[in-house]
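Listed below are the residues making up each chain.
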Amino acid sequence: VWCLKSSGINAEYGVSSDTIICQFIKHLLDKKEQGKMVDDDIECLATLFSTVGLKLEKECDNDEQRKAFEESFVAFKDLGSNSNYTNRIRFMIQDVVELRENNWVPRRVEAKPQRIEDIHREHAREEQEKKMEAALATKNYKREKKERKERQKRIARTGSSKIRSDS
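The rules behind each value
- Residues numbered from 1 in each chain as written.
- Predicted model: local features only at pLDDT ≥ 70, side-chain atom pairs only at ≥ 80, totals over all residues.
- Heavy atoms only, no water.
- Helix = DSSP H or I, 4+ residues; strand = E, 2+ residues; numbered from the N terminus.
- Buried < 20%, exposed > 50% of the residue type's maximum accessible area, 1.4 Å probe, protein only.
- Contact = heavy atoms within 4.5 Å.
- Expected span 1.5 Å × (residues − 1).
- Bend = angle between axes of the 7 residues up to and from the residue.
- Core = buried A, V, L, I, M, F, W, Y, C linked by side-chain atoms within 4.5 Å.
- pLDDT = per-residue confidence, 0-100.
- Phe/Tyr/Trp six-rings, centres within 6.5 Å; stacked < 30°, edge-to-face > 60°.

Caption draft 1: Quick look at the overall build of the protein. From N to C terminus, the protein includes 6 helices and 0 strands. The buried share of the protein, reckoned over its 167 residues, is 24%. Partitioning the contacts of the protein with sequence separation of at least 6, the portion at a separation of at least 24 is 60%.

As structure tokens, then:
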């Protein structure tokens, strides 16, 4: 599993050849035809498709490559309807299918490890935003308070709560 996962990540960054990744996918899908596919194989396929699916799909230069990619993905998608697999595996397949339907854009951003400097920088930025919002709220409060006082003075001068429009 780790080998295929790291291969997918390498392919995403251009380190591995797309043909090698396609061969991995084909090899795993051939296990389905032989009836030897296990959960780990499907998990590898899901990882490969979610990691490099966009790249593989975009780099289909001709109809033959597009057809091969589409056939591979349809075969992978069909695994999700097989009740012999666990719900975890079927939902994993469904997530990849939805990822593709969403043009390979994930529903939520995956939390990645950050350097401590980045965390401090993000915290400082958030604190600055809070200060700016507080200052803006204070400014708005003062402006509204001033407007209320002016309104009260006008009301006191006119002796009525209605302000005359003909003045």
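Caption draft 2: Layout of helix α3 (residues 39-58). For α3, with 20 residues, the first-to-last C-alpha span of 28 Å sits near the 28 Å given by 1.5 Å per residue. Within α3, the axis deviates most sharply at Val 52, by approximately 65 degrees. Taken together, the buried positions of α3 are Asp 41, Ile 42, Cys 44, Leu 45, Ala 46, Thr 47, Leu 48, Phe 49, Thr 51, Val 52, Gly 53 and Leu 56.

Caption draft 3: Spatial organisation of the nonpolar core. Counting residues in hydrophobic clusters, the biggest one holds 27 residues, and the most contacted among them are Ile 25, Ile 42, Leu 45, Phe 49, Phe 76 and Leu 79. Among the elements of the structure, α2 (18-34), α3, α4 (63-79) and α5 (87-101) are those that each provide at least two residues to this core. Once you skip the residues sitting within four places of it in the chain, Phe 49 turns out to touch Ile 25, Phe 69, Ser 72, Phe 73, Phe 76, Val 96 and Trp 104.

Caption draft 4: Local environment of the confidence of the model for the protein. Counting all residues, the mean pLDDT for the protein is 82, and 84% of those residues have values of 70 or more. Averaged over each element, pLDDT in the protein is lowest for helix α1 (residues 2-12) (51) and highest for α5 (94).

Caption draft 5: Quick look at the packing of aromatic side chains. Inspection of the entire model under this criterion finds 6 aromatic pairs. Geometrically, the ring pair formed by Phe 73 and Phe 76 is tilted, given 6.0 Å between the ring centres and 55 degrees between the ring planes. Taken together, the residues span about one helical turn, with Phe 73 and Phe 76 both in helix α4 at a distance of 3 residues. Each of the two residues, Phe 73 as well as Phe 76, counts as buried. Centroid distance Phe 73 to Trp 104: 6.0 Å. Interplanar angle 80 degrees. Geometry classified as edge-to-face. Of this pair, Phe 73 sits in helix α4 while Trp 104 sits in the loop between α5 and α6 (116-158), and the two are 31 residues apart along the sequence. A residue is classified by how much of its surface remains accessible, and Trp 104, at 10% relative accessible area, is buried.

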